Amino acid sequence: MTAQEPQVAARGRPKYDCPMTAEELESIRREVVAAVQGSTRLHIAFIGVTNALFEALAERGAMDPRALARATGRDAGYVTRWCDAAFAFGLLDEPEPGVFSLTALGDAFRPSAPGTLMPFAVQGALGAHMAERAAGLMKSGEQPGERVLAERETVLPWFGPMLEAQFGPFFDAHILASVPAYRDVDSRGGVVVDLGCGNAWYLRRLLSRFPHVRGIGLDGFEENVRGARALADAEGLSDRLDVRAGDIHAFAVDEPVDLIAMNRALHHVWSERDGVMSLLARSLAPGGWAVIWEPAWPSDRAALRDPAIRPLAFMNLSEHVQGNRFLRPEEIAEALARAGLEPTVHLFAEGREAVVTGRKPA
């Protein structure tokens, strides 16, 4: 028996030869306290994001809580207590007694700030919700599906903006220039369908980059459809972008489709993958493309210890609550090939992101 292997105590509980020293325990305690405070800061930031408190302070300058409450149409009591909490956690300063202004950290959480930290605040609130749901469901094994995303009314409207802020710049800088399917569709003035489009950020960025492409976005949440239409109109894209309520399993478009995109959506319907892949293959015009973007689940579990990959493990637990799991890129390529599409795997972000394309023979 090595020094690290447990001995079995008389009452059947593990007994370790090398227990932690008081100094080691205190070090771990400090690490956990720092993590708890970081999580609390994200919760406070989420309140500021969803109630436009950061944006109001950026636009109007320093204010006392009552003025901030009037500017945002919020309750003064809640705003006052929020200001105290945001000051305590470094999101606000107090340039004069009872008057608050943004710190550099608070300003970085504004949704309109370049490189906004808003996605982390939304993820913090959503993560707490999903942890609570997973804890309660673990005994029964129930998987309530995607409706859990709508159980917190303050979170759902921010899901699309969170994804856009988190992945939009990466899409612009790396994926659009590296995946040949987009240029090919633009050269023929083709039609792109995005299944599960959310606020249509993927299509809006694609159409802004490639002027000859037309887009059709389908989403199952009416709130997402309304928001996507408003954003397309505001960006001058409504003449080339049509967003509709639709179902991944039974979408119908009355013209040839040159590219069908599924952006972080395939794992939601993986249990029905053969039918979905067959539908993609039937719906594509000859020479058309299926373009699947998914987080790349690692083949080696040890990779989950990498700090850059570590969050994916908790996200996969959250996906299990919805009846899903993340996929390895080769699984996606094999499913495309079985449907008669010619697969190619593109890896990005040191292998953490996978775009798998499948081309229909001409």
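Conventions adopted
Residues numbered from 1 in each chain as written. Predicted model: local features only at pLDDT ≥ 70, side-chain atom pairs only at ≥ 80, totals over all residues. Heavy atoms only, no water. Salt bridge = Lys/Arg side-chain N within 4 Å of Asp/Glu carboxyl O. Helix = DSSP H or I, 4+ residues; strand = E, 2+ residues; numbered from the N terminus. Contact = heavy atoms within 4.5 Å. Core = buried A, V, L, I, M, F, W, Y, C linked by side-chain atoms within 4.5 Å. Buried < 20%, exposed > 50% of the residue type's maximum accessible area, 1.4 Å probe, protein only. Phe/Tyr/Trp six-rings, centres within 6.5 Å; stacked < 30°, edge-to-face > 60°. Lys NZ or Arg CZ within 6 Å of the ring centre and 35° of its normal. Pairing = 2+ DSSP bridges. Axes fitted to C-alpha atoms, helices over the stretch in contact; angles between N-to-C directions. Patch = residues over 30% accessible without salt bridge, like charges linked within 9 Å, V, L, I, M, F, W, Y side chains within 5 Å. Areas by Shrake-Rupley, 256 points an atom, 1.4 Å probe, with all protein chains shown as cover. Right-handed = clockwise from strand over helix to strand, strands pointing away. Expected span 1.5 Å × (residues − 1). Arc of directions from axis to C-beta. Polar contact = N/O pair within 3.5 Å; in protein donor to acceptor, adjacent residues only side chain to side chain. pLDDT = per-residue confidence, 0-100.

1. Things to note about the pattern of salt bridges
Here is step 1: Going through the model one piece at a time under the given rule, you end up with 22 salt bridges.
Here is step 2: A single network of salt bridges, built from pairs that share partners, joins Glu164, Asp172, Arg204, Arg205 and Glu235.

2. Digging into the side chain of arginine 133
Here is step 1: Secondary-structure assignment places arginine 133 in helix H6 (residues 118-137).
Here is step 2: When residues no more than four places from it in sequence are discounted, the contact partners of arginine 133 are Pro144, Arg147, Val148, Glu151 and Val321.

3. Observations concerning the nonpolar core
Looking at soluble globular proteins, one finds that nonpolar side chains tend to be buried together.
Here is step 1: By size, the foremost hydrophobic cluster in this structure holds 69 residues, and its most contacted members are Leu68, Trp82, Tyr182 and Leu259.
Here is step 2: Considering each element in turn, this core owes the most residues, 8 residues, to H6.
Here is step 3: Dropping the residues within four chain positions of it, tryptophan 82 is found in contact with Ile44, Ile47, Gly48, Leu53, Phe54, Leu68 and Leu92.

4. Some remarks on the packing of aromatic side chains
Here is step 1: Under the defined criterion, the tally for this structure stands at 11 aromatic pairs.
Here is step 2: Pairing phenylalanine 167 with tryptophan 293 gives two aromatic rings, centres 5.8 Å apart and planes at 75°, and the pair type is edge-to-face. Of this pair, phenylalanine 167 sits in helix H7 (residues 159-178) while tryptophan 293 sits in strand S9 (residues 284-295), and the two are 126 residues apart along the sequence.
Here is step 3: Judged by centre distance (6.1 Å) and plane angle (75°), the ring pair of tryptophan 201 and tyrosine 202 falls under edge-to-face. Accessibility assignment for this pair places tryptophan 201 and tyrosine 202 in one class, buried.
Here is step 4: Each residue in the set Phe167, Phe171, Tyr182, Trp201, Tyr202 and Trp293 is aromatic and connected to the rest through ring pairs, giving one cluster.
Here is step 5: Geometry around phenylalanine 167 places arginine 264 over its ring, the cationic atom sitting 3.9 Å from the centre.

5. A word on the sheet that holds strand S6 (residues 214-219)
Here is step 1: Pairing is mixed in the open sheet, where 7 strands are placed in the order S7-S6-S5-S8-S9-S11-S10. This sheet does not close on itself; its edge strands, each paired only once, are strand S7 (241-245) and strand S10 (342-348). Mean inter-strand twist for the sheet, computed between neighbouring axes without regard to direction, equals 15°.
Here is step 2: Sheet topology note: the S6/S7 ladder contains 5 bridges and is parallel. In the sheet register, glycine 217 faces S7, and the bridge partner there is valine 243.
Here is step 3: Most of the contacts of helix H10 (residues 222-234) go to S7, to which it runs at about 170°, and overall it touches S6 and S7.

6. A few points about a nonpolar patch on the surface
Here is step 1: Residues Met20, Leu25, Ile28, Val32 and Val36 make up a contiguous nonpolar surface patch of roughly 430 Å² in combined accessible area.
Here is step 2: Along the chain, valine 36 falls in helix H1 (residues 22-50).
Here is step 3: Valine 36 sits in the partly exposed class, given a relative accessible area of 48%.

7. Brief notes about the pairing of S6
Here is step 1: Across the 6 residues that make up S6, a large majority, 5, are buried.
Here is step 2: Two strands pair when backbone bridges link them, and strand S5 (residues 191-195) and S6 are joined in this way by 5 bridges, in the parallel orientation. Bridge pairing in S6 links aspartate 194 to glycine 217.
Here is step 3: Crossover handedness for the path S5 to helix H9 (residues 201-209) to S6: right-handed.
Here is step 4: Tracing the backbone out of S6, into H10 and back to the parallel element S7 gives a crossover that is right-handed.

8. Observations concerning helix H4 (residues 76-88)
Every α-helix winds through 3.6 residues per turn, so residues three or four apart in the chain are directed the same way.
Here is step 1: Helix length check: H4 (13 residues) gives 18 Å between terminal C-alpha atoms against 18 Å at 1.5 Å per residue, within 8%.
Here is step 2: Within H4 the residues assigned to the buried category are Ala76, Val79, Trp82, Cys83 and Ala86. Down the axis of H4, the buried side of the element spans an arc of 115°, and every buried residue falls inside it. Of the exposed residues in H4, those oriented more than 90 degrees away from the buried face are Tyr78, Arg81 and Ala88.
Here is step 3: Elements that come into contact with the buried residues of H4 comprise H1, helix H2 (53-60), helix H3 (65-72), strand S3 (92-96) and strand S4 (99-102).
Here is step 4: Its side-chain oxygen at 3.0 Å from the backbone nitrogen of glycine 77, aspartate 75 defines the N-terminal cap of H4.

9. Things to note about the confidence of the model for the protein chain
Here is step 1: For the protein chain, mean pLDDT is 93; residues scoring 70 or higher make up 95% of the total.
Here is step 2: Every residue in residues 1-10 scores below 50 in pLDDT, and together they form 18 contacts with partners more than four places removed in sequence or on other chains.

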